[in-house]
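Inside the fold
In case you want the letters, here they are:
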Amino acid sequence: SELDSLNSGNEEDETSSEIGDSERDSGEVTCMPEELDVANEIEIEEKDSAVTEEDRGGQEEMTVTRKEEIKWRHRPFTTIMDTSFENPPIHEDPPMRPYEYFKQYIPDEIFDLMADNTNVYAMQSGTLSFKPTSPGEIRTVIGLHLDMGVMKMPRVSMYWEAGMDIGIFQNTMPRDRFFQLRSHLHLVNNLEKPADNNDVFFKVRPLYDAIRSRCLELPLEENLCVDEQMVPFHGTLSVKQFIKGKPHPWGVKIYFLCGKKHRKQLGLGAGVVYHLSQRITEANHKLYFDNYFTTYNLLELLAERKIHAAGTARVSRFARPPLQSDKEMAKKPRGSCDEVVSRDGKVALVKWYDNRSVVMASNFVGVGRMNEVQRWDKKKAQFLMVSRPEVVKLYNEAMGGVDLLNQLVSLYRTEIRSNKWTLRMITHAFEMAVVNSWLEYRLDAKRANIQTKDIQDLLHFKMNVAQCLVRVHKTVAAKRGRPSMSPEPQRVPHRPAHRPVQDVRPLREVQYDMVDHMPNYDEKRLPDARCHTMFRSYLIDYYVEKFSLIFLKCL
């Protein structure tokens, strides 16, 4: 599974239909980014793969059908019956703490690397007022960024304003120090860039490689999908692009579960999917993708490796199949379909007419067993039962993993108004790590039969991780300024009898970090508390910041 950012053009769906988000499976899908790479858009080619070793560049030789040799026939496609897949064994261990899941994606070595290279960059840029930072401070900066995604403000400086009174910002790091660290944040030493480097994302490579290493440890599911994601960015970057119709049309395009090999023979989109299949070593995996990736040669090669694949298709890539036109299909009842099969019987094309036509291509299933779905008819203003081919049903159920990731990341995205693309890519990587960690946590919790009400949602999970980054292994900051000599008015808190008192305790990671747990003394806390004995009434209040414990001593 890989991550690949490519400078591709606008590829609007030419065969969009109501194969919609409402039918896509929104179950536990852990998206698995692997690598970032940059390439130019190239034309899709389906030519003979008899290439020399020099052309292959060390890749294995592939034999594919020439486009002019592809012939089609009107006949039913023989569905492959043996598609059973043996899922990996499930370990029903109790779920870990949220921060432990996060550390599997972002290990401590990443924060050490960021601290070292941030100090190096500050020295190279000649910032005289810069105080060397530490991994703990870098964790705090990242944790505050995650909190900003949850508690959104129009301006970053507002988190430190006195009127807002947001303690996790005001009591953790000064505002100017936060901006100073954020402007110098680096993952690599710029002077160590190789002379022959062609990697545009060289500056963020270590962070995405760390996420990739964890994703490679995850077991492959039976159903896999390939899709793209846009990282919002409006600054200057060579691979920034505009894609009409996206929620964030300007930004960096990332392909999930994709790679960088075999593009010359198969084309960019198909080469991305083919490289993904190199990781699939077991038979009967099912792989789904949209029409940007689907080609005849791709389905042909995947079938040779016993990988069942299907996706929406662009008819122009399939050597003029004799499918019925849209006008002819519109005259037939809604839900009608047309099917053609290649002469060798390896690939099937199915054209299905719902409210508009859509073309599906597959190497393991065609029309198959039709089923009925409910659709809304605008003219009759009522619901209708429409027949649906089996390939459409399987596609709807399996696609949507990357769309789910996009939705979850966008819920609490940290808004970055900066022209530095590295800062946008860094925060996006941490957000993806949080979302993937939550998906793993939720799946483990359900396997352990934990009740739904006891499973943290993404909001609380992200806040939990952010608090751990900010407070674990940190000392409690002392109050700034001279102590006031004027007596403070005693305020007796009013606690309604009908409302239970909430027990506010710090996170377990903070309680057991073995840092700064000495008790403090304060005579002004709990002014309404009294200890009545027959001899003497006196109050001594000791408290521990990281434990929120109160000790009362009676004398």
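A brief structural summary. As a convention, each chain's residues are numbered from 1 in the sequence order in which they are written. For this predicted model, a pLDDT threshold of at least 70 governs which residues receive local features, and a threshold of 80 or more governs which side-chain atom pairs are given and counted, while totals over whole chains, interfaces and linings are taken from all residues. Note that water and hydrogens are dropped before the side-chain values are worked out from all heavy atoms of the structure.

Helix and strand content of the protein: 16 helices and 15 strands. The contacts of the protein with a sequence gap of at least 6 include a subset with a gap of at least 24, amounting to 70%. Carbon and sulfur atoms form 50% of the exposed surface of the protein, whose accessible area is close to 29,500 Å². Going along the chain from the N terminus, every DSSP run of H or I of four or more residues is numbered as a helix, and every run of E of two or more is numbered as a strand. Whether two residues are in contact is decided by their heavy atoms, any of which lying within 4.5 Å being enough. Working definition of accessibility: Shrake-Rupley area with a 1.4 Å probe, residue cover restricted to the visible protein chains.

Turning to unusual backbone geometry, a few remarks are in order. Backbone geometry places Lys-306, a non-glycine residue, at a positive phi of 60°. Topologically, Lys-306 is positioned in the loop between α10 (296-304) and β7 (308-312). Whether a residue is buried, partly exposed or exposed follows from its accessible area with a 1.4 Å probe, protein chains only, as a fraction of its type maximum: under 20%, in between, or over 50%, in that order. Residue class for Lys-306 comes out exposed when judged on its relative accessible area of 55%. For Arg-320, which is not a glycine, the phi torsion comes out positive at approximately 50°. Along the chain, the position of Arg-320 falls in the loop between β7 and α11 (326-330).

On to empty space enclosed by the protein. Points on a 1 Å grid over protein atoms alone make up a cavity when a 1.4 Å probe fits among them but cannot get out, and a pocket when they form an open set with protein on both sides within 12 Å along at least five of seven lines; lining residues each have an atom within 4 Å of a point. Grid points are joined across faces, edges and corners, and a volume is the space filled by probe spheres set on the points. A complete count under the given rule lists four cavities of 30 Å³ or more for this structure. Its volume calculated, the largest cavity comes out at about 50 Å³. Taken together, Leu-408, Val-409, Tyr-412, Glu-431, Val-434, Val-435, Leu-458 and Lys-462 form the lining of the largest cavity. At the level of secondary structure, the elements contributing two or more residues to the lining of the largest cavity comprise α13 (401-411), α14 (421-447) and α15 (458-471). In this count, Pro and Cys sit with the nonpolar residues alongside Ala, Val, Leu, Ile, Met, Phe, Trp and Tyr, while Asp, Glu, Lys and Arg are called charged and the others, Gly among them, polar. Here the residues of the lining of the largest cavity are counted per class, giving six nonpolar, no polar and two charged.

Aromatic rings from Phe, Tyr and Trp, with only the six-membered ring used for Trp, were paired whenever their centres fell within 6.5 Å, and each pair was classed as stacked if the ring planes differed by under 30 degrees, edge-to-face if by over 60, and tilted otherwise. In this structure the tally under the stated criterion is 16 aromatic pairs. When the centroid spacing of 5.1 Å and the interplanar angle of 45° are considered together, the rings of Trp-160 and Phe-178 count as tilted. Taken together, the residues Trp-160 in the loop between α4 (135-150) and α5 (167-170) and Phe-178 in helix α6 (residues 175-183) connect sequence positions 18 residues apart. On the basis of relative accessibility, which here comes to 13%, the residue Trp-160 falls in the buried class. When the ring of Trp-160 is compared with that of Phe-179, the centres are 6.4 Å apart and the planes differ by 45°; the resulting orientation is tilted. Remark: Phe-179 occurs in helix α6 and Trp-160 occurs in the loop between α4 and α5; sequence separation between them is 19 residues. Overall, the relative accessible area of 29% leaves Phe-179 in the partly exposed class. Following the ring pairs from residue to residue traces out a cluster consisting of Tyr-159, Trp-160, Phe-169, Phe-178 and Phe-179.

When the terminal C-alpha atoms of helix α3 (residues 108-125) are compared, their 26 Å separation across 18 residues agrees well with the 26 Å that a helix rising 1.5 Å per residue should span. Inspection of α3 places Ile-110, Phe-111, Met-114, Ala-115, Asn-117, Thr-118 and Ala-122 among the buried residues, and these make up the whole buried set. Along its buried surface, α3 packs onto α2 (98-105), α4, α7 (205-215), α14 and α15. Looking one or two places after α3, you find Gly-126, whose phi comes out positive at around 75°. The span one expects for a helix is its residue count, reduced by one, times 1.5 Å.

Let's shift gears to a positive patch on the surface. Two joining distances apply to patches: 9 Å for like charges and 5 Å for nonpolar side chains (Val, Leu, Ile, Met, Phe, Trp, Tyr), and every residue must have over 30% relative accessible area and no salt bridge. When a carboxyl oxygen of Asp or Glu is within 4 Å of a side-chain nitrogen of Lys or Arg, the pair counts as a salt bridge. Charged residues are defined narrowly, with Lys and Arg counted positive, Asp and Glu counted negative, and His plus the chain ends left uncounted. Charge placement uses NZ in Lys and CZ in Arg. For Asp and Glu, CG and CD serve respectively. Taken together, the side chains of Lys-71, Arg-73, Arg-75 and Arg-343 present a region of like positive charge at the surface. Within the secondary structure layout, Arg-343 lies in the loop between β8 (337-342) and β9 (348-353). Given a relative accessible area of 51%, Arg-343 falls into the exposed group.

Moving on to the pattern of salt bridges. Any two side chains of opposite charge can pair if their charged atoms end up close together. Throughout the structure, instances matching the rule amount to 13 salt bridges. Linking Glu-217 and Arg-214 is a salt bridge whose minimum nitrogen-to-oxygen distance equals 2.9 Å. Taken together, the shared-partner salt bridges connect Arg-214, Glu-217 and Glu-440 into one network.

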